[in-house]
Structures are given as structure tokens and as C-alpha cells.
Amino acid sequence: MYTVNEIMNLSLFKKFKILTGKEYLTNTVTTTVILEFESSRINYAGYCYGYFVLISYFFASISPELVNGSIKNLIQKRVSGIAIKLLPDEHIPLDIIQCAEEYHVPILTFYDEFMEDLIININESMKTRAQYIIHEEKLNMILNEKKDKDEVSRIAREINPDFKNKIISAVLIPKKESSNLKVHTFFDSLMYHRSKVTSTTPWSFIKSDHNIVLICSFYEDEAKSIFKFRYIQDILMQNGFTTEDFFIGYDEELMSLHDLRKSIKNAYAAAEVAKIKKSDSLSYKFIGVYKYAYNLLLDDIMYSEIKNRINILQNYDKKHDANLIKTLNSFVKNNGDYSATSEDCYQHTNTIRYRIKKIFELLDLDENEGSEEIRLLIRCYHLLKDRQA
């Protein structure tokens, strides 16, 4: 789905002004056309919601009734948006603006840009959008469906025929609140940078929900001399990405292309832990016990069991204002040291001991053997909390 708002984020539309209808920039766009005035008989058949129409107001000085009448006609057809090319000192009649507000049609104005260039910019963006949506679907097939090694390699090369036989992966989670629109903007920017490069590349960016996956491929011999994360950083910067805007997780272990699922899953785990730790970047090999917590949550049965156990503590906290979760988090962070936990929570040591004992009772754990389980449980809590934020 493409919207007027997304069109305004394209490179050639940055100087466009919103005359009216800012609240309707979410209108969907499926077709972009230039309305010509050479004929006095304009056929409006087919114009409807989904159309984004470009109009030159030049003809208004020759035939104002024709031009203004045409704009009103389009508005009443409820097109998705109208962009009017007019001189800086020209003005659109008030009744047209009122009509646009009534029919929820945003009107944009511009002056410098050529209409043909604008059409090309939109169509190329829509074409690229369709392409990376297809790539996202193929990536989901690799991540979420059971595929044998040959199928994984085949699907990967449908995404990029130039993938070599060895790969590393990275996942970028935007630091600021993300959305489909924001991710599309990243990819539209990427399209702009890629349009300047004529050669093929052995790496690909792929949209994955509100995040971005980068797959880099190598021949085994050339990978030995590459500093993996520096290579990832260089690709990001060359393609217009500001690395400070993302939590970056990566798996620097060199894997075969048919192990792409594992490589990306590991990179995802590293990215989510980087977000929890507020770290700009993190390698999978340094996420510690989180790698086990992350993989536990991928299993439906374990996910349900862990969530139920966390809910037990959360419900007790809500009912008794007990801060069991907060205490457990500090207890694990301080490696089971009661004194350090007491200082961290500003509570007497006996209060901390009582709370920890209560946690073991609620979860039906043996105090001598349950410490490892609660350490793993609090890591799972962090990951669940981060996903739901």
C-alpha cells in the first residue's frame, strides 16, 4: 500500500507544500497521472480514489473555468490527492479548498519540478516497493517455514542472484518508534542511493516487519581478510543509513548460504539484546545467556509456560504492590548478592530475602536448585517486555 504521505517523502517531493488536507495524507495511491488540458473535453471516466493527479495551473490564465472546474470535478470523484504546479504568487480559489476539505482530498502545490520527473520518481518507488515486499515474503518463507537446504539457497538467490556461498547477517532495529511508513522511507532512501550504482552487489537489504535485515555474502577465502562489523558499517554508510539511528545486531560467524535462517535468527537475537542493553551494536557471540532465553521464546509451548510464570509474579505485584519483578531483576543483575540488591532497591536485606523466598514459593521452585531458572526467566522477561513496548 502506498500513500500520499509516502510520496511526499520521495526525493523530488521534499519542497512540496500542503495547501489543505494534511489529515488525509494517509489516502492510498495506486495510480499517478498528469491531467492534460489540451482538449476542452476532458474525460473523467475512471478517476476515483487511488488516483494521485498532477495538474499545471498555467492554463488557468487562459481558461480559468476549465481548470478550476476540472479540479473540482476530480475532488468530487474523491481522488486520493492532487498536486498543482503554480507560480509562487498564484492562489487557488477558496471554494476549491473548501471542496477539497469536504471530500477529504489533500491538495499539494509545487513550482520547480518537472511533471514527467515526478511521475518517474513515483513509479520507480512503487516498483521498488513491490519488489522489496516480495523479498520480505521470501525472507519470511526462509524464517518461518520448514525448508531443506537446497530450497533455502534457491529462495535466497531469488532475492539476490549474486549471493555467494558464504554469508553473515545483521538486523537493524530503529531506535525511534518505527512503523511501516518509517521503514518504507528507509527503503525509498536506499533506492535513491542504489540508483547511482550500476554494478551488482553480493549483499541485500530486506524489509522485515518494522526492521531491516542485511545479508552479506562472500567467497570463503575473501571472508578471512574482512573485519565483519566494519564491512557491515561500510555498506550501511554507503547506502545512506546513519548507524546511530539503529540498534544493530549481527552474527559474524561465517555460514553457508543454506544456513541463512540460523544466521538471521542469531542476528535478530543480538539486535533485541542490543536494544535491551541500549548498545549501538552487539555480536551474537557476546549476548550470553540471552541466546538461550531468545530461543526458548521461539518455541510455542515454552513461550506460553514462561509467560504464565511471569504473569504469576506480575499479578502478585499488582495485587500486593510487592515489586517482585523489580527485585528479581536486581537480584539477578547483582549475581545473587543480597546486600548489593538491598542497596540497589533501597530496601532492608531481610525484605529482599523475603521477596526472593516468595518468588520461589510462587513459582514452586526449590531454593537450592531454582536459581538458574530464575536467571533465565528474568532474561525472558526482558525480551518479552521489549517486544511488547
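Residues numbered from 1 in each chain as written. Predicted model: local features only at pLDDT ≥ 70, side-chain atom pairs only at ≥ 80, totals over all residues. Heavy atoms only, no water.

What follows deals with the pairing of strand 7 (residues 203-208). In terms of burial, strand 7 is a largely internal element, 6 of the 6 residues being buried. By the alternation rule, side chains of strand 7 split into W203, F205 and K207 and S204, I206 and S208, which are all buried. Alignment of strand 7 against strand 8 (residues 211-218), held across 6 bridges, turns out to be antiparallel. When the bridges of strand 8 are listed, W203 appears paired with C216. Between strand 7 and the antiparallel strand that follows it, strand 8, lie 2 residues; D209 among them carries a positive phi value of about 60°. (Buried < 20%, exposed > 50% of the residue type's maximum accessible area, 1.4 Å probe, protein only. Helix = DSSP H or I, 4+ residues; strand = E, 2+ residues; numbered from the N terminus. Pairing = 2+ DSSP bridges.)

Taken as a whole, this structure holds 9 aromatic pairs when the rule is applied. Between W203 and F205 the ring centres are 5.8 Å apart and the planes differ by 80°, which places this aromatic pair in the edge-to-face class. For the pair W203 and F205, a shared accessibility class is recorded, and that class is buried. Both rings, one in F331 and one in Y338, keep their centres 5.0 Å apart while their planes meet at 55°; by these two values the pair is tilted. (Phe/Tyr/Trp six-rings, centres within 6.5 Å; stacked < 30°, edge-to-face > 60°.)

A word on the nonpolar core. V213, I215, L260, I264, I287, L313 and I359 are the most contacted members of the largest nonpolar core, which has 57 residues in total. The leading source of residues in this core is helix 9 (residues 260-276), at 9 residues. Those residues in contact with V213, other than ones at most four positions away along the chain, are L139, A170, V171, S204, F205, I206, S208, I264 and Y268. Counting residues in each nonpolar core, the second largest holds 24 residues, with Y44, I84, I96 and I107 among its members. (Core = buried A, V, L, I, M, F, W, Y, C linked by side-chain atoms within 4.5 Å. Contact = heavy atoms within 4.5 Å.)

Inspection of every chain in the model, using the stated rule, returns 10 salt bridges. Across the pair K138 and E158 runs a salt bridge whose closest N-O atoms are separated by 2.8 Å. Note that K138 is positioned in helix 4 (residues 115-144) and E158 in helix 5 (residues 149-159), a separation of 20 residues in sequence. For E158, a relative accessible area of 36% puts it in the partly exposed group. We note a salt bridge from K175 to D280, for which the minimum N-O separation is 2.5 Å. (Salt bridge = Lys/Arg side-chain N within 4 Å of Asp/Glu carboxyl O.)

On to the pairing of strand 5 (residues 107-110), then. Along a regular strand, successive side chains alternate from one face of the sheet to the other. Alternating residues of strand 5 divide into I107 and T109 and L108 and F110, and every residue in both groups is buried. Alignment of strand 1 (residues 17-20) against strand 5, held across 3 bridges, turns out to be antiparallel. By the bridge assignment for strand 5, K17 is matched with T109. Examined bridge by bridge, strand 4 (residues 81-85) and strand 5 share 4 bridges and lie parallel to one another. The residue bridging I84 from the neighbouring strand is T109, located in strand 5.

This part covers the environment of Y316. By the element assignment, Y316 lies in helix 11 (residues 300-320). A sequence separation of 42 residues divides Y316 from K358, and the C-alpha atoms of the two residues are 10.0 Å apart. When sequence neighbours within four positions are dropped, the list of residues in contact with Y316 reads D321, A322, L324, Y354, K358 and L362.

As a further point, take the sheet that holds strand 4. In spatial order, the strands read 1-5-4-3-2; together these 5 strands make up an open sheet with mixed pairing. Of all the strands in the sheet, the pair left with one neighbour each is strand 1 and strand 2 (31-34). Across the sheet, the mean angle from the axis of one strand to that of its neighbour is 25°, orientation sign disregarded. Against the sheet, helix 2 (residues 64-76) engages strand 3 (51-56), strand 4 and strand 5, with an angle of about 160° to strand 4. Across the sheet, helix 3 (residues 94-102) touches strand 1 and strand 5, and the angle it forms with strand 1 is around 85°. (Axes fitted to C-alpha atoms, helices over the stretch in contact; angles between N-to-C directions.)

Among the residues of helix 3, I96, I97, C99 and A100 are the ones counted as buried. Along helix 3, the residues classed as buried sweep out an arc of 160° about the axis, all on the same side. When the buried face of helix 3 is taken as reference, the exposed residues oriented beyond 90 degrees from it are L94 and E102. On its buried face, helix 3 sits against strand 1, helix 2 and strand 5. Once helix 3 ends, the next one or two residues include H104, with phi positive near 60°. (Arc of directions from axis to C-beta.)

Don't take any of this as a statement about function, it's just geometry.
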